[in-house]
Amino acid sequence: MKKRTILIISFSLIFLFTAYNELSLRSYLYKHSIKPHFLAESLPNFLAVILFSFLFSIIEYKKAIATPLRQSIKTTISMVIYEFAQFLIPGRTFDIQDIAASILGGIFSYLFLLLISTYCKPDQKSSQ
């Protein structure tokens, strides 16, 4: 399969799992008091880094600077900055576990994007 197609399919699956997490999985974990609670609390940060890394990889697909490492670092740093910005947002709380989840999401997205870049055929232009 072509690389861009794999990126789009992967993004779609990650998006669907993120929606499932937000709509039912988190409430299920809280309702049934499944320990550890940080799983339900920090999973959105983990998924957000992966989701946006794939989104940026799709958007910037043709650019030479769109490497798996750059996409993952850009997204991870953005999420960490957002976590620190929560000091300034009323009703939001800063959580070090969210930073750890964002960093783990960045590592996971980097490895997954690297795997796709390594093993998938690049898209080829039709020669006419």
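As shown above, the structure is provided for reference.
In this report, we go over the structure that sits alongside the text. (Residues numbered from 1 in each chain as written. Predicted model: local features only at pLDDT ≥ 70, side-chain atom pairs only at ≥ 80, totals over all residues. Heavy atoms only, no water.)

1. Some details on the nonpolar core
Then, in step 1: Core analysis: the largest hydrophobic core is formed by 11 residues, namely Leu7, Phe11, Ile14, Ile50, Leu51, Phe54, Ile58, Tyr61, Leu113, Ile116 and Cys120.
Then, in step 2: Among the secondary structure elements, those contributing two or more residues to this core are helix 1 (3-31), helix 2 (38-59) and helix 4 (96-119).
Then, in step 3: Considering every element that reaches this core, the biggest residue donor is helix 2, with four residues.
Then, in step 4: Setting aside chain neighbours within four positions, we find isoleucine 50 in contact with Ile14, Gly105, Phe108 and Ser109. (Core = buried A, V, L, I, M, F, W, Y, C linked by side-chain atoms within 4.5 Å. Buried < 20%, exposed > 50% of the residue type's maximum accessible area, 1.4 Å probe, protein only. Helix = DSSP H or I, 4+ residues; strand = E, 2+ residues; numbered from the N terminus. Contact = heavy atoms within 4.5 Å.)

2. Thoughts on the pattern of salt bridges
Then, in step 1: Overall, the coordinates contain one salt bridge when judged by the stated rule.
Then, in step 2: Residue glutamate 60 pairs with lysine 74 through a salt bridge whose shortest N-O separation is 3.0 Å. Here glutamate 60 is found in the loop between helix 2 and helix 3 (68-85), whereas its partner lysine 74 is found in helix 3, with 14 residues between them in sequence.
Then, in step 3: Judged by relative accessible area, which is 29%, lysine 74 ranks as partly exposed. (Salt bridge = Lys/Arg side-chain N within 4 Å of Asp/Glu carboxyl O.)

3. A few points about helix 4
Then, in step 1: When the terminal C-alpha atoms of helix 4 are compared, their 35 Å separation across 24 residues agrees well with the 34 Å that a helix rising 1.5 Å per residue should span.
Then, in step 2: Residues of helix 4 that are buried include every one of Asp98, Ile99, Ala101, Ser102, Gly105, Gly106, Ser109, Leu113 and Ile116, and no others.
Then, in step 3: Here helix 4 starts with a cap whose side-chain oxygen sits 3.1 Å from the backbone nitrogen of glutamine 97, and that cap is aspartate 95. (Expected span 1.5 Å × (residues − 1). Polar contact = N/O pair within 3.5 Å; in protein donor to acceptor, adjacent residues only side chain to side chain.)

4. Considering helix 1
Then, in step 1: Under the 1.5 Å per step criterion, the end-to-end length of helix 1 is 40 Å for 29 residues, consistent within 8% with the ideal 42 Å.
Then, in step 2: In helix 1, a bend of some 50° at asparagine 21 exceeds every other bend along the element.
Then, in step 3: By the burial criterion, the buried members of helix 1 are Lys3, Leu7, Ser10, Phe11, Ile14, Thr18, Asn21, Leu25 and Leu29. (Bend = angle between axes of the 7 residues up to and from the residue.)

5. Thoughts on the environment of isoleucine 103
Then, in step 1: Here isoleucine 103 shows up in helix 4.
Then, in step 2: On a C-alpha basis, the gap between isoleucine 103 and methionine 79 in space is 8.8 Å, while along the polypeptide they are 24 residues apart.

6. A few points about the packing of aromatic side chains
Then, in step 1: Overall, the coordinates contain eight aromatic pairs when judged by the stated rule.
Then, in step 2: By way of ring pairs, the aromatic residues Phe46, Phe54, Phe108 and Phe112 are connected into one cluster. (Phe/Tyr/Trp six-rings, centres within 6.5 Å; stacked < 30°, edge-to-face > 60°.)

7. Some words on the packing of helix 1 against helix 4
Then, in step 1: At a minimum axis separation of 9 Å, helix 1 and helix 4 run at an interaxial angle of 150°. Considering their axes alone, helix 1 and helix 4 lie roughly antiparallel with respect to each other. Considering the relative orientation of helix 1 and helix 4, their crossing is right-handed. Between helix 1 and helix 4, the contacting residues are Lys3, Ile6, Leu7 and Ser10 on the first element and Phe112, Leu113, Ile116 and Ser117 on the second.
Then, in step 2: For the contact of helix 1 with helix 4, the per-class residue count stands at five nonpolar, two polar and one charged. (Axes fitted to C-alpha atoms, helices over the stretch in contact; angles between N-to-C directions. Parallel < 35°, antiparallel > 145°, perpendicular 65-115°, else oblique. Left-handed = near helix turned anticlockwise from the far one by under 90°. Nonpolar A, V, L, I, M, F, W, Y, C, P; charged D, E, K, R; others polar.)

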